[in-house]
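# Report on the structure
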Amino acid sequence: MSDSRAFCPRCGDPVPERSADEADAADPLRPGSEVDLCDACYFDEFDFVDAPDRIDVRVCARCGAVYRGNRWVDVGAQDYTDIAIEQVSDALSVHVDVEDVAWQVEPEQVDENTIRMHCFFTGVVRGTPVEEQVTVPVKIARQTCTRCGRIAGDYYASIVQIRAEGRTPTSEETERAEEIAHDIVADMEATGDRNAFVTEIGETDDGLNIKVSTNKIGKKISNKMVEEFGGTINDAETLVTEDEDGNEVYRVTFAVRLPPYTPGDVIELDGDDEGPVLVRSAHGNLKGVRVTTGERYEADYEEGASPDARKLGEHEDAVETTVVTVEDENAVQVLDPETYRATTVSRPEYFDPDAETVPVLKSRAGLHVLPDEGETEEPT
Ligand SMILES: [Zn+2]
Ligand SMILES: [Zn+2]
């Protein structure tokens, strides 16, 4: 076998023998590679770069998503040139035999929707440096993606109604609800979920309505609100339509009912003569502190967060007034902030005998010493 010679199967010219290693490495799936072409024949049909005549890209004009495969994908591209470069790199391929491939691209903006991509390739094949230049026009088609179309069409699958029992929700509560809705959607978007969005947030006479794109988001917002503020959730399904596959599509309304009293409220309980209660928590059973004695109060299980009561005021309404004298364990004299008369009031446990001034609330139930601001929150 030592004097066997190889010949080019195309032109019959002798070709240098391959080493044993190279022969062993011949790809059995490519029988043509068993015998090498001579360099002349090889380069005759060598095609370095395979490029399409043009590339069409569908881009959402609203959010910048790109249509890829059969769906819209967020690519986080800053501009259409970035998108064009990415699409061109995906669409071009180079011959497998070439080593040390390098390429660069120069985009040329032809018009608003056309970017001509000039690509320069270099590499080495059969020990010979090769280079090629290809120009591929990228046509940008500006469209509206499914999500943006739905947002524009006011699509929603779920409504969260933020309401409160016997009152309207506070601005703190409604602002927090908006924040929670946006946070939940942002978290879902961050995981690549393109179906998560807030369609609309609207104030009503008795609260706030939040329309969202999926029932799951509605449920999450409701749960988070009740986790933070207490209250209850009722959900109700409404059949709205059938989808393309004939499945029934339900819209779910989550009615969040926040508790009637919030931390900081001072209330008078019906049929109770132990004095007003400063509310500290509305989670589960209403909890607070008696402003007459400083004793802890907790509503019965049956009463939950809404025992029969009337609101007298809020901690915010309290004013600092002068302590005149401490009478005994149960009584203290303070200046009535309206009449400036020294008035005897009950002395709660939290009263500091060294204090020169204390916050007091004057209501139809009388004058009461409140704990200092910051002591109204139930420690969690
Ligand atoms: Zn040949
Ligand atoms: Zn879009």
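You'll find the structure just up there.
Residues numbered from 1 in each chain as written. Chains lettered and ligands numbered in written order. Predicted model: local features only at pLDDT ≥ 70, side-chain atom pairs only at ≥ 80, totals over all residues. Heavy atoms only, no water.

## Quick look at the overall build of the protein
Here is the rule: Secondary structure counts use DSSP, requiring at least four H or I residues in a row for a helix and at least two E residues in a row for a strand, with both numbered from the N terminus. Working rule for contacts: check all heavy atoms of both residues, and any pair within 4.5 Å makes them a contact. The method behind every accessible area is Shrake-Rupley, applied with a 1.4 Å probe, and residues are considered shielded solely by the protein chains displayed. Only four residue types enter the charge count, namely Lys and Arg as positive and Asp and Glu as negative; His and the chain termini do not. One atom stands in for each charge, and that atom is NZ of Lys, CZ of Arg, CG of Asp or CD of Glu.
Of regular secondary structure, the protein possesses 6 helices and 25 strands. Taken along its principal axes, the extent of the C-alpha atoms in the protein is 125 × 50 × 45 Å. Long-range contacts, defined as pairs at least 24 residues apart, comprise 54% of the intrachain contacts of the protein with a sequence gap of at least 6. Summed over its atoms, the accessible surface of the protein is roughly 22100 Å², and 43% of this surface lies on carbon and sulfur atoms. For the protein, the distance from the average position of its 36 positive side-chain charges to the average position of its 84 negative side-chain charges is 5 Å.

## Re the coordination of the zinc ion (ligand 1)
Quick reminder of the rule: Here the coordinating atoms are restricted to nitrogen, oxygen and sulfur within 2.8 Å of the metal centre, or 3.2 Å for Na, K and Ca, and because water is not among them the sites may look incomplete. In short, tetrahedral needs four donors with all angles between 85 and 135 degrees, square planar needs four and octahedral six donors with opposite donors over 155 degrees apart and all other angles between 65 and 115, and whatever is left is irregular.
Each protein donor to the zinc ion (ligand 1) is listed here as Cys 8 (SG), Cys 11 (SG), Cys 38 (SG) and Cys 41 (SG); together their distances run 2.2 to 2.4 Å. The site at the zinc ion (ligand 1) holds 4 donor atoms, and with the angles between them running 106 to 118 degrees, its shape is tetrahedral.

## Points about the coordination of the zinc ion (ligand 2)
The condition is simple: With a 1.4 Å probe rolled over the protein chains alone, any residue whose accessible area is under 20% of its type maximum counts as buried; one over 50% counts as exposed, and the rest are partly exposed.
Of the protein atoms, only Cys 60 (SG), Cys 63 (SG), Cys 145 (SG) and Cys 148 (SG) coordinate the zinc ion (ligand 2), at distances of 2.2 to 2.3 Å. What the 4 donor atoms of the zinc ion (ligand 2) show is an angle range of 105 to 112 degrees at the metal, which sorts the shape as tetrahedral. As a motif over one chain, the donors of the zinc ion (ligand 2) read C-x2-C-x81-C-x2-C. Placement of the pair is Cys 60 in strand S4 (residues 55-60) and Cys 145 in the loop between strand S10 (128-143) and helix H4 (146-152), with a sequence separation of 85 residues. Comparing Cys 60 with Cys 145 shows no difference in burial state: the two are buried.

## Some thoughts on the pattern of salt bridges
Basically, it comes down to this: Salt bridges are defined by distance alone: a side-chain nitrogen of Lys or Arg within 4 Å of a carboxyl oxygen of Asp or Glu.
Under the criterion given, the structure shown has 24 salt bridges. For the salt bridge of Arg 54 with Asp 56, the shortest nitrogen-to-oxygen distance reads 2.6 Å. Salt bridges here are not isolated pairs; linked through shared partners, they connect Arg 176, Glu 179, Lys 224, Glu 227 and Glu 228.

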